[in-house]
Amino acid sequence: MITLPTLQAVRTTREGLLWEPSERWVRGRKGDVTVVDSRHPVLVWEPGVSAPLYVLPRTEVREDLLRPAKNPPTGTHTGSQIFYDLDIDGELLENAAWTFPATDLADHIAFEWFRRVGRGLDHWFEEEEEIFIHPRDPHKRVDAIPSSRHVQVSVGGTLVADTRRPVLLFETGLPTRYYVPREDVRLDLFEPTDHRTGCPYKGTAEYWSWRGEADVPPNLVWSYPDPLPAVGPIKGLLAFYNEAVDITVDGERVERPVTHFTKTLSVQSHT
């Protein structure tokens, strides 16, 4: 039986890993096979990586499905040396799991997330809610707040959105996103795309691209048709990348932020 500490403070290993126990019930699947079923997961932050990973006690992992890796990428994941291939009904998934070289985590195994790196377990759940890309960070807030601010959005000098009933989404580490009712957006100036993304805090987003001649990246506008309950107010509303459009709030121009999306958007616009 694993006993959790009364106070769950973040701890640091000699290797520079940050970790803390979680009380969430976590499950990870590959297809219909449950590989991880843990009520004692540990959240781990690797140096220089903002999003955490779940690391699970060996007793709560299907170790019978793991094989010593044939081509281990030793040295990755903060100097890890032990990697595993995952054998699912004869299909071998290379380097799907590993152990961190930290005494505190010696009896735990980490897994790759398919939707994050293209290999590993493809479905993860916290309690009964599916999560995407990576675990939710307990030290990060995402608040969707209805507002009466006057928000205007322009693309290449063309006014494409004008509303006094936006929902402002405040997410730790990112600029404020302004979600606008569809009735207040010139959606006829955009065309839907097949692009989809997943977010552990908001759900799965669909996208639209600009139809005009302005030098803007594709997939400029997005919406969450069925967001997670915590951000329910943004359901069906449209948001624009602040990094690539002009936004004015209550008559004041919002400076275009520089985020990790900035480089990605720039590359997309020139491909």
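Residues numbered from 1 in each chain as written. Predicted model: local features only at pLDDT ≥ 70, side-chain atom pairs only at ≥ 80, totals over all residues. Heavy atoms only, no water.

J.: Go over the environment of Thr13, please, and point to the residues and values.
T.: You can see Thr13 is positioned in the loop between strand E1 (11-12) and strand E2 (18-21). For Thr13, a relative accessible area of 8% gives the class buried. Distance in space between the C-alpha atoms of Thr13 and Pro227 is 36 Å, their sequence separation being 214 residues. Once residues within four sequence positions are removed from consideration, Thr13 is found in contact with Trp19, Ala102 and Asp104. (Helix = DSSP H or I, 4+ residues; strand = E, 2+ residues; numbered from the N terminus. Buried < 20%, exposed > 50% of the residue type's maximum accessible area, 1.4 Å probe, protein only. Contact = heavy atoms within 4.5 Å.)

J.: Before we move on, could you go through the sheet that holds strand E10 (residues 108-111) and cite the residues and values that matter?
T.: The 8 strands lie next to each other as E1-E2-E5-E6-E10-E9-E8-E7, forming an open sheet whose pairing is antiparallel. Sheet topology places E1 and strand E7 (66-68) at the edges, where each strand pairs with a single neighbour. Where E2 meets strand E5 (residues 42-45), 4 bridges bridge the pair, whose relative direction is antiparallel. Bridge pairing links Trp19 to Val44 in E5. (Pairing = 2+ DSSP bridges.)

J.: Lay out the confidence of the model for the protein chain with the relevant residues and their values.
T.: As a note on interpretation, predicted positions should not be read in detail where pLDDT is low. Across the protein chain, pLDDT averages 91, with 94% of residues at or above 70. Scored below 50 in pLDDT, residues 1-7 makes 7 contacts in the model with residues more than four places away or belonging to other chains. (pLDDT = per-residue confidence, 0-100.)

J.: An account of the packing of aromatic side chains is requested, with residue identities and associated values reported.
T.: Scanning all chains against the criterion turns up 8 aromatic pairs. Taken together, a centroid distance of 6.5 Å and an interplanar angle of 40 degrees make the contact between Tyr207 and Trp222 tilted. Here Trp222 lies in strand E20 (residues 221-223) and Tyr207 lies in strand E19 (residues 203-210), a separation of 15 residues in the sequence. This pair shows no difference in class: Tyr207 is buried, exactly as Trp222 is. Within the aromatic cluster, the residues linked to one another by ring pairs are Tyr179, Tyr207, Trp222, Tyr241 and Phe261. Seen from the ring of Trp25, Arg39 lies directly overhead, with NZ or CZ sitting 4.3 Å from the centre. (Phe/Tyr/Trp six-rings, centres within 6.5 Å; stacked < 30°, edge-to-face > 60°. Lys NZ or Arg CZ within 6 Å of the ring centre and 35° of its normal.)

J.: Explain the layout of surface pockets to me, and be specific about the residues and the numbers.
T.: Put simply, the largest pocket is a space of about 1,000 Å³. As for the largest pocket, its lining consists of 35 residues, of which Leu174, Gly198, Cys199, His260 and Phe261 are closest to the centre. Elements with a contribution of two residues or more to the lining of the largest pocket: helix H2 (114-117), strand E16 (167-171), strand E17 (177-179), strand E18 (190-199) and helix H3 (260-269). Considered class by class, the residues forming the lining of the largest pocket number 16 nonpolar, 11 polar and 8 charged. (1 Å grid on protein atoms, 1.4 Å probe; cavity = no way out; pocket = protein on both sides within 12 Å on 5 of 7 lines; lining within 4 Å. Points joined across faces, edges and corners; volume = space filled by probe spheres on them. Nonpolar A, V, L, I, M, F, W, Y, C, P; charged D, E, K, R; others polar.)

J.: Which residues make up the pairing of E16, and what values go with them?
T.: Of all 5 residues that make up E16, 4 are buried, and the element is covered over most of its length. Here strand E13 (residues 142-146) pairs with E16 via 5 bridges, running antiparallel. Looking across to E16, one finds that Ala144 is bridged to Leu169. Here E16 runs beside E17; their pairing, made up of 3 bridges, is antiparallel.

J.: I'd like a rundown of the pattern of salt bridges, residues and numbers included.
T.: Throughout the structure, instances matching the rule amount to 22 salt bridges. The residue Asp37 makes a salt bridge to Arg39 at a minimum N-O spacing of 3.7 Å. Look at Asp37 and you get partly exposed, because its relative accessible area is 34%. Judged by relative accessible area, which is 47%, Arg39 ranks as partly exposed. Residue Arg211 pairs with Glu191 through a salt bridge whose shortest N-O separation is 3.7 Å. Of this pair, Arg211 sits in the loop between E19 and E20 while Glu191 sits in strand E18, placing them 20 residues apart in sequence. One salt-bridge network, held together by shared partners, links Arg24, Glu126, Glu129 and Arg136. (Salt bridge = Lys/Arg side-chain N within 4 Å of Asp/Glu carboxyl O.)

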